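What the coordinates show
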Amino acid sequence: MSIEPDASPPSLKSRIHGSLLGGALGDSLGYTVEFDTIEQIRARYGAAGLRGFEDLTGTSHFSDDTQMTLYTVDALVEALEWANSGVGADVNACLWLAYLRWLATQGETAPPSAPVPQPRWIDGQQVLRQRRHPGKACISGLATGEMGTAARPVNPGSKGCGTVMRSAPFGLIPHITPDAVYKLSADAASLTHGHPSARQSAGTFSFLIHRLVAGDGLAEAATRALAQAAGLDGVAPELPERLEAAFLLAGKGIVTPEELVQALGEGWVAEEAFAVALYAVLASLPDGAAADPVQHFRDAVALAINHSGDSDSTGSIAGNILGAYYGEACLPPEWLASLEGQDVIRGMADQLVKVTTGEG
Ligand SMILES: [Mg+2]
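Basis of the calculations
- Residues numbered from 1 in each chain as written.
- Predicted model: local features only at pLDDT ≥ 70, side-chain atom pairs only at ≥ 80, totals over all residues.
- Heavy atoms only, no water.
- Helix = DSSP H or I, 4+ residues; strand = E, 2+ residues; numbered from the N terminus.
- Polar contact = N/O pair within 3.5 Å; in protein donor to acceptor, adjacent residues only side chain to side chain.
- Contact = heavy atoms within 4.5 Å.
- Donors = N, O, S within 2.8 Å, 3.2 Å for Na, K, Ca; no water.
- Buried < 20%, exposed > 50% of the residue type's maximum accessible area, 1.4 Å probe, protein only.
- Axes fitted to C-alpha atoms, helices over the stretch in contact; angles between N-to-C directions.
- Parallel < 35°, antiparallel > 145°, perpendicular 65-115°, else oblique.
- Left-handed = near helix turned anticlockwise from the far one by under 90°.
- Nonpolar A, V, L, I, M, F, W, Y, C, P; charged D, E, K, R; others polar.
- Salt bridge = Lys/Arg side-chain N within 4 Å of Asp/Glu carboxyl O.

Along the polypeptide, Ser 63 turns up in the loop between α2 (38-45) and α3 (64-84). Among the polar contacts listed, one links the side chain of Ser 63 to the side chain of Asp 64, at a separation of 3.1 Å. Here Asp 65 takes part through its side chain, which lies 2.8 Å from a polar atom of the side chain of Ser 63. Filtering out sequence-adjacent residues up to four positions away, Ser 63 remains in contact with Asp 27, Tyr 31, Arg 132 and Asp 312.

Moving on, we get to the coordination of the magnesium ion. Protein ligation of the magnesium ion involves Ser 63 (OG), Asp 64 (OD), Asp 65 (OD) and Asp 312 (OD), the donor distances falling in the range 2.0 to 2.4 Å. Sequence positions of the donors to the magnesium ion reduce to the motif S-D-D-x246-D. Of the two residues, Asp 64 and Asp 65, neither departs from the other in class, the shared state being buried.

A few words now on the packing of helix α9 (residues 238-251) against helix α11 (residues 270-283). In the contact formed by α9 and α11, the axes pass within 9 Å of each other and the chain directions differ by 20°. The angle between α9 and α11 falls in the class roughly parallel. Considering how the two elements wind past one another, α9 and α11 form a crossing that is right-handed. Facing α9, whose interface residues are Glu 238, Leu 239, Arg 242, Leu 243, Ala 246, Phe 247, Leu 249 and Ala 250, α11 presents Glu 271, Glu 272, Phe 274, Ala 275, Leu 278, Tyr 279, Leu 282 and Ala 283. In the contact of α9 with α11, the residues fall into 12 nonpolar, no polar and 4 charged.

A separate point is the pattern of salt bridges. Opposite charge on two side chains permits them to pair, given that their charged atoms come into close proximity. Throughout the structure, instances matching the rule amount to 20 salt bridges. Note that Arg 42 and Glu 258 form a salt bridge whose closest N and O atoms lie 2.8 Å from each other. In this pair, Arg 42 is assigned in helix α2 and Glu 258 in helix α10 (residues 257-264), connecting sequence segments 216 residues apart. Residue Glu 271 is joined to Lys 159 by a salt bridge in which the shortest nitrogen-to-oxygen separation is 2.9 Å. Of the two residues, Glu 271 is situated in helix α11 and Lys 159 in the loop between α5 (136-143) and α6 (178-189); the sequence distance between them amounts to 112 residues. The pair Glu 271 / Lys 159 is uniform in exposure class, with both members buried. Here the salt bridges share partners, and the residues they tie into one network are Asp 74, Glu 81, Arg 101, Arg 120 and Asp 123.

In structure tokens form, the structure reads like this:
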């Protein structure tokens, strides 16, 4: 299929489903090679690496990236449900409680001083109650039982990509200001990670998703995100530096996995994961009106996961971006057919659609 320049933009519902499912597809494919070097990936899948679910011999699973993204959705749904019923809720407290419920799904306990949240629909979904190499800082930050803030951070030196990879949903809420999107996301990052780049990378990623949902093109939204990152107060220099490097590298087109890692890093930390995913999306951007969103999605995810770094998070972030931009039109149907838990992901997407639009 093709998207013509005058085609109507995707609906919010399509963008929400597209971003959450797109992230889960990138996460699932990337998770199969998360701890492999590029040499090991080539040895197993050939010179071009892992190109899609059709290359897999067994079943695949999504990982903590998708789990935590869905818990972000759940927290935002809860806060919006309170708001719709006329009660102001502390959004960051809803996020903390949701992430504490996620912590419990990982077989971890918070100290008795931490609140014991009431279970919600998401907590009964067995497909999410699996331990898939969760990020260490996400676990340890929540397991303190302390609600981390920018002023009183938990894990003060941590900037692992566990903040960025869970933060697309902040950008999927319509009718809030870009500044509010940024602040909600950055404050939620501080619940587990204290380094400024963790806050800034998560907030800027959510801002990028917000711009796409508002109708920006990919390059336009990325340019705005870079400007946003460069203009932040007390900016950690590594975020704008890595995003700038992603732009420069995308200008060269498709590079080798070795060159990608050399220029942008392996993606284990927040700004690198964001930069690798952004590069993958921009470098594989097709020319012209006959562009095929499905092919773009396939190419971008393959570029995002085939390297020696943190392939599930970089794949997840790239999938979130493309799904927010194209809506569901970019999701390869045969990949979706192989995705576990699609009903649960769509169930959470529908909750967000319903609470933001009244549809459904
Ligand atoms: Mg993961």
